[in-house]
Structure formats: C-alpha cells, structure tokens
Amino acid sequence: MNVTVDHLDIGSESSWNYSLVTLVFSLVALALAHFYHETSHTARLGNQIPGPKSLPFIGNFMVIWGLKGNHHAFKRAMKLSRMFGRIVRGWVGWKLLVVIWNPEDVEVILNSQVHIDKSDEYRFFKPWLGNGLLISTGEKWRTHRKLIAPAFHMNVLKSFVPTFNENSKKVIKRLRMEVGNEFDCHDHMSEATVDILLSTAMGFKKTDKQKEMSAFKYAMAVMKMCDIIHKRHLKFWYRLNWLYNLSSFKKVEEKCLSVIHGFTNKVLSQRRNDFNENLKKGNLPMPSLQDIIKTAPKNDPTDGLRDDLDDIDENDVGEKRRLAFLDLMIETSHYNPSQISDVEIQQQVDTIMFEGHDTTAAGSSFFLCMMGCHPDIQEKVYQEQKAIFGDSGRDCTFSDTLEMKYMERVIFETLRMYPPVPVIARKVNQDVKLSSENYTIPAGSTVLIGTYKIHRTPENFPNPDKFDPDNFLPEKTANRHYYSFIPFSAGPRSCVGRKYAMLKLKVLLSTIVRNFKVKSLVKEEDFKLMGDIILKRSDGFQIVLEERN
Ligand code: HEM
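Rules and cut-offs
- Every chain is numbered independently, its residues counted from 1 as its sequence is written.
- Since the coordinates come from a predicted model, pLDDT governs what is reported: local features require at least 70, and pairs of side-chain atoms require 80 or more to be given and counted, while whole-chain, interface and lining totals use all residues.
- Processing note: side-chain calculations cover all non-hydrogen atoms of the structure and skip hydrogens and water entirely.
- UniProt positions are given in the numbering used here, feature names are shortened, and annotations may be inferred rather than shown by experiment.
- Any two rings among Phe, Tyr and Trp, with Trp reduced to its six-membered ring, count as a pair given centres within 6.5 Å; such a pair is stacked if its planes are under 30 degrees apart, edge-to-face if over 60, and tilted if neither.
- Helix and strand definitions follow DSSP, with helices as H or I runs of at least four residues and strands as E runs of at least two, each counted in order from the N terminus.
- Exposure categories follow from relative accessible area, calculated using a 1.4 Å probe and restricted to protein chains: below 20% of the type maximum is buried, above 50% is exposed, and the middle band is partly exposed.
- To sit over a ring, a charge needs its Lys NZ or Arg CZ within 6 Å of the ring centre and within 35 degrees of the ring normal.
- Residue contacts follow a heavy-atom distance rule, with two residues in contact if any of their heavy atoms lie within 4.5 Å.
- Here, a salt bridge means any Lys or Arg side-chain nitrogen found within 4 Å of an Asp or Glu carboxyl oxygen.
- Only strands joined by at least two bridges in the DSSP assignment are considered to pair.
- The cutoff for a nearby residue is simple: one of its non-hydrogen atoms must lie within 4 Å of the molecule or strand.
- Pairs of N or O atoms are called polar contacts if they sit within 3.5 Å, as long as, within protein, a hydrogen donor faces a hydrogen acceptor (for residues adjacent in sequence, only side-chain-to-side-chain pairs).
- Three classes are used, and their members are as follows: Ala, Val, Leu, Ile, Met, Phe, Trp, Tyr, Cys and Pro are nonpolar, Asp, Glu, Lys and Arg are charged, and the others, Gly among them, are polar.
- Donor atoms are limited to N, O and S found within 2.8 Å of the metal ion, a distance that becomes 3.2 Å for Na, K and Ca. With water left out, some sites might look partial.
- Between N-to-C directions, angles span 0 to 180 degrees; the directions come from axes that are lines fitted to C-alpha atoms, helices contributing only their stretch in contact.
- Every residue carries a pLDDT, the predictor's confidence in it, which falls somewhere between 0 and 100.
- Within this analysis, patches are made of residues with over 30% relative accessible area and no salt bridge. Like charges are joined at 9 Å or less; nonpolar side chains (Val, Leu, Ile, Met, Phe, Trp, Tyr) at 5 Å or less.
- Note on areas: Shrake-Rupley, 1.4 Å probe, and residue coverage restricted to the protein chains presented here.
- Nonpolar core, defined: a set of buried Ala, Val, Leu, Ile, Met, Phe, Trp, Tyr and Cys residues in which side-chain atoms within 4.5 Å join the residues together.

Per an unreviewed UniProt entry, the chain carries the name Cytochrome P450 and comes from Chironomus riparius. The UniProt entry for the chain carries the following comment under Cofactor (unreviewed entry): "heme".

Have a look at this one:
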C-alpha cells in the first residue's frame, strides 16, 4: 500500500514539475512573441498613430466589449472618433486598423491604383457575393469593372425612366394604404428598389408562375445577412470560421442565402432562356459586342481619373446599343466566355442586386424622414415640383430630372448626413504615407475610411449636424475638397451605380412628394442610427403620410 502511495507522490511531484516547466516555457514564448510583435515594422509605425491604450495580444478588443446592440456600437465608434485628431488606430490582436477622415488622406487611399484591394473584413461576404465586383481584386476586378461600367452609361439609364415611373406609381398605390398611420417606410422602399432593379438592370419580368418571388422576402434576407456580417466584424470569436460554424448564426446565414440565391437564380435562368430564344430567332441587335469592346476607351491607369463613369460618358460607346446590365453579361459570356463565366455572372447579379437596392432603400427612406422633420424644406421641394409639373399628374421625363436642382441638393444633403455606406475599408498592400500628418500606415493594415465622420466634420461642413441643402449650392461645393463628400466613394473603385441611383431616386421621390405630404413624429436628434454595413435607423424609419389634393 505504502509503495503505491509513495509512487503516487513521486508521480504528482513530477507532474507538478512538468506543469511548471510548461508554464515557464509558455510565458517565455508569449513574452518573446510579444517582443517580436512590438519591435516589428507594423507595430513601430502603427503605434505612432494616436489611439486608445492597447493590451498585449488582445489589442483594443476592450473598446467593443459589452456592446448592447448595433446602435450602441455606432455611438461608441463616434465617441472614440471625437477623442482623437483626424486619425485613430486600433489593434485587433496583432492586426492594425487605422480609421481616417481627413479628405486629403482619404484621397491618398481612394484615388490610388495601388490600394484598390478590399480589406480582409469583406471575406464574410464571400459565401453570398463570391467574387462579385464589390469584393474582387486584381485583374478579375479590372476586367469585370470595364465590362460592367458601360451598362450604367447615361444612354442606358435614360431608357429606364418609363420603368422608374411605372414602379413609382406602384409604390404610390401601396403607400396610399398607409395614409394617416405611422409606419416604417423602409419596408416599402426596399420592396420598391428590388422591383425596380429587377425590371431595369436585370430586364426581368415576373411571369404569373413567379408570383411567389417576393421582393420583400429577398430584401429581408439581405438585411439579416448584413446584420450577421456586422456581428462577425464586432465579435471577434465569430471571425473564426470553426467557431462561427458552430453558432446559430451559421444556420440563419444558410437560410438567408437559400432565399437570396434562390431569388437571383430564378432571375438569371429566365434571362438566359430569353437570350437563347432570341438567338434562335436571330433577334440580337447589332453591332456585335466585340465591336463595342474594341472601340471602348482604354482607361489609362495613371491618368488620375476620379470616376471612370465620367470617362465612359465622354467617349460614347453605346449609343446604338442599350444593353441593360444582365443582357450585357449574358451576351458577353456567350460570345466571349473567357471574359466572364456563368458562375461569375451569378456573383455579379448577387452583387448588383445587393448594392443596387439596399443603399437606395436607405437613401430614399432617410430622404422621406428628412421631409417629415423639415417641413420648410419639404415645401421648397414641393414648390419646385409644381414649377416643373404644374397641376398635371403626368409622368416624369429625363429632362424633368435635370430641372430638379433643389431636389438634387436635398438628396445630396441626405446622403451627406446619412451616407448609406458609412465606412469603406481597404487593405493597404504597401506602406502608405499620409498627406496631412506625418504618419505612415504599414503594409498589410486595414484602412477604414469613415464616410459618416468625414461628412460630419466642421472643417468640411460648418454646422455639420444641421440639415441644410444649401451646403450643395455650386459656390459652396466649389470651395470644398472633393473628398469631403463621398457617399458613392471616389476614385477607381467608386460606386458603379452612382448615376443610376441618382436618376432613380429623383423619379421615385418626385412621384412620392407630388402625391403626399410627409410628417415625422420623431425629431431628427432622437434618431437611433446603426451602421450594420448599410446605415439604418434602429428605431425604424417611421413617418406619417397625408394625401395631397
Ligand atoms: C444611394 C445609393 C448608393 C450609394 C450611397 C452607394 C455607395 C457605394 C459605395 C460607398 C461604394 C464603395 C464601397 C466600398 O468600397 O466598400 C459602392 C460600390 C459599388 N456600388 Fe454603389 N451605392 C449606391 C447605389 C448603387 C447602385 C444603384 C448600384 C447598382 C445598380 C451600385 C453598385 C455598386 C457596385 C457594383 C459597387 C462596387 C464597385 C467596385 O468595387 O468596383 N450602387 N457603392
């Protein structure tokens, strides 16, 4: 018996020694790893940038600890931005994040042909958008951008105006059912913007058999996906795929993706069938796509263009061919399969459906809330509409939209105060020296461009929290840094749908303002904002409508 006890004692002593040695080795390894990191190029440059105190290994994780919901995350981010100059850094473990909001620095990143890669944080979009334009990089992005941009040429967009009108009138019918009630206009705007995209960029018409394809259901699945992706950004343990895959969110993601991809698949397969039928009948318009691509202007990567959409307008490539986005994709893959494959078309459709609807749904909902909160401004918008249309209930034309100068300023002011994309993120592939301060962001870091913050900085917009459409009077715009107003981003990776969005918003919102007076029972200062990918109100976009005679 004693022997056994002695043996056990010896065993436990040696296992103690073993544990002690392991502990010492682990501590030394951790200390060495910490030392290695602290003396690295990234840490040396990163730690020169102002930011909250960070802890070894977890960095600034404490900054996002204990957040109770998306509205609080947004508030905390704003509070943090006020504590530092016009740049702040944070460590997520050893990963460096740098937030910038000085227009001169923003220009350095956005106007570059080098820093065009999206940050690692966009990888959570992969199962949804694959290698679509929003997240693709390198040659693939360049080729597809060149291919897709002409589909948003002004000549194509002009041809959409009747469809914008048709869909706007459908929205009016639905909104009429809400007159007198307080309701969330975002639901209506989401449904409308999905339907408008389907019938314009996708050239899709629902058949009787496809009535079950609900735009609203699709839009709700997109909102849920954005919420999940935002959670993965904020809760660092969900960044690890193996942990995330064990969570309940993974199952919700699968359900959402089945709704989203089911929806876009139906659109794509119907449009492919249409194409094949037309091909059989010899109905395809001339000249051939190859001819157009051959004559398309070549972007000089060094010419410092801010936006390639303007370039396309100056060198009209598609006067005779008004190919909507999806027609262009399908035709290209038929005649030139090396340019885009079937899988890639699906990914681009998913990208355009997401980027094209959620952003404009948020933009138009904020616009209506602003009308409700600022009756004097609403009256001016209405008077401009009366001056254009008189008492006629006629449809809006493209040239009417050019007359809507005040409406345009109000839309810009809405996008300034409530930019649908509140943050843009890039991965810097080379060390980049900023323009305004003596800081260098090291290669491999994530740069966050705080659009919301840029738009709310007094140096860019005096009295930045006041809703004032006169901020966009020509003389004011002329005196401002170009990168101080970037709701559509800027530079080579700017929004490809910018002109589409502005035209659609004008037709849709003009139709609503001509039909209804908007009221808001919530004051602007009480809005609860949340920035889960797309800026929204966590308290809902509540408004009340009154019919105009
Ligand atoms: C008010 C409406 C809109 C706003 C505020 C907006 C804003 C933006 C912003 C800020 C980006 C850059 C995102 C980033 O770098 O992470 C972007 C990219 C993009 N947007 Fe929009 N957008 C709007 C409407 C649209 C529409 C209507 C479409 C298409 C029909 C569209 C398609 C795209 C695409 C494809 C990209 C990726 C471009 C690339 O990386 O080359 N957007 N948008």
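Another point: the packing of aromatic side chains. For any two aromatic rings, the description comes down to two numbers: the centre-to-centre distance and the angle of the planes. Within this structure, the stated rule accounts for 21 aromatic pairs. Both rings, one in Phe164 and one in Tyr500, keep their centres 5.5 Å apart while their planes meet at 85 degrees; by these two values the pair is edge-to-face. Within this pair, whereas Phe164 is found in helix α8 (residues 161-176), its partner Tyr500 is found in helix α22 (residues 498-515), the two being separated by 336 residues in sequence. A relative accessible area of 1% places Phe164 in the buried class. Among the residues examined, Tyr500 registers a relative accessible area of 3% and is labelled buried. Through pairs of rings, three or more aromatic residues link up here, namely Phe152, Phe160, Phe164, Phe325 and Tyr500. Over the ring of Tyr418 we find Arg456; its NZ or CZ atom is 5.3 Å from the centre of that ring. Looking at Arg537, its charged tip hangs above the ring of Phe527, at a distance of 3.7 Å from the centre.

Let's shift gears to the environment of Gln48. Mapping Gln48 onto the fold places it in the loop between α2 (41-46) and α3 (70-83). With 41 residues separating them along the chain, Gln48 and Arg89 place their C-alpha atoms 9.1 Å apart.

This part takes up the side chain of Gln385. Along the chain, Gln385 turns up in helix α17 (residues 375-389). With residues near it in sequence (within four places) discarded, Gln385 still touches Gly390, Met404, Met407, Ser510, Val513 and Arg514.

A few words on the pattern of salt bridges. All told, the structure shown has 20 salt bridges when counted by the stated rule. Between Lys386 and Asp391 there is a salt bridge, with its nearest N and O atoms 3.1 Å apart. Judged by relative accessible area, which is 31%, Lys386 ranks as partly exposed. The class of Asp391 is exposed, set by a relative accessible area of 73%. Here the salt bridges do not stand alone but share partners, grouping Lys224, Asp227 and Lys231 into one network.

With that out of the way, let us pick up the pairing of strand β2 (residues 95-100). Moving residue by residue along a regular strand, the side chains alternate between the two faces of the sheet. In the sheet, strand β1 (residues 87-92) pairs with β2 via six bridges, with the strands oriented antiparallel. When the bridges of β2 are listed, Ile87 appears paired with Ile100. Linking two consecutive strands that pair antiparallel, namely β1 and β2, is a turn of two residues; a positive phi of about 65 degrees is found at Gly93 within it. Bridge count between β2 and strand β7 (residues 446-449): four bridges; the pairing is parallel. When the sheet's bridge partners are listed, Leu97 is paired in β7 with Thr446.

The environment of the ligand is made up of 27 residues, and the closest members are Tyr122, Trp141, Arg145, Arg493 and Cys495. Contact distances for the ligand include 2.9 Å between an oxygen atom and a side-chain N or O atom of Arg145. Contact distances for the ligand include 3.0 Å between an oxygen atom and a side-chain N or O atom of Arg493. Where the shell around the ligand is concerned, the elements lending two or more residues are α6 (138-148), α16 (342-373), β4 (424-427) and α22. Considering only residue class, the shell around the ligand consists of 16 nonpolar, six polar and five charged.

This paragraph deals with the coordination of the iron atom of the ligand. Counting protein donors to the iron atom of the ligand gives just one, Cys495 (SG), placed at 2.3 Å. By the element assignment, Cys495 lies in the loop between α21 (474-478) and α22.

Our focus in this paragraph is the UniProt feature "binding site: heme" (unreviewed entry) in the chain. Per the UniProt annotation, the sites labelled "binding site: heme" (unreviewed entry) are Cys495. Judged by relative accessible area, which is 24%, Cys495 ranks as partly exposed.

With that settled, consider the sheet that holds strand β8 (residues 516-519). Spatially, β3-β11-β8 is the arrangement adopted by the three strands of the open sheet, whose pairing is antiparallel. Each edge of the open sheet is held by one strand with a lone partner, namely β3 (182-184) and β8. Across the sheet, the mean angle from the axis of one strand to that of its neighbour is 45 degrees, orientation sign disregarded. Here three bridges tie β3 to strand β11 (residues 542-547), and the two strands are oriented antiparallel to one another. Paired with Phe183 across the bridge in β11 is Ile543. Sheet strands in contact with helix α9 (residues 185-199) are β3 and β11, and its direction is about 45 degrees off that of β3. α16 contacts β8 and β11 of the sheet and is inclined by roughly 80 degrees relative to β8.

The next point concerns the confidence of the model for the chain. A low pLDDT means the predicted coordinates there should not be read in detail. Within the chain, residue pLDDT values average 87, and 88% of them lie at 70 or more. Counted against residues more than four places away or in other chains, residues 312-320, with its pLDDT under 50, gives 19 contacts. In the predicted complex, the global pTM is 0.88; the interface-specific ipTM is 0.99.

The next point concerns the pairing of β11. Taken together, the four bridges between β8 and β11 define a ladder with antiparallel strand orientation. Opposite Lys519, over in β11, you have Val544 as the bridge partner.

Looking now at a nonpolar patch on the surface. A cluster of nonpolar side chains, contributed by Leu20, Leu23, Val24, Leu27, Val28, Leu30, Leu32, Leu55, Phe57, Ile58 and Trp94, occupies part of the molecular surface with about 1000 Å² of accessible area. Here Val24 is to be found in helix α1 (residues 2-38). Here Val24 falls in the partly exposed class, since its relative accessible area comes to 46%.

Membership of the largest hydrophobic core comes to 142 residues, with the highest contact counts inside it found for Trp128, Met202, Phe325, Leu326, Phe354 and Ile449. Of the residues forming this core, the biggest block, 14 residues, is contributed by α16.

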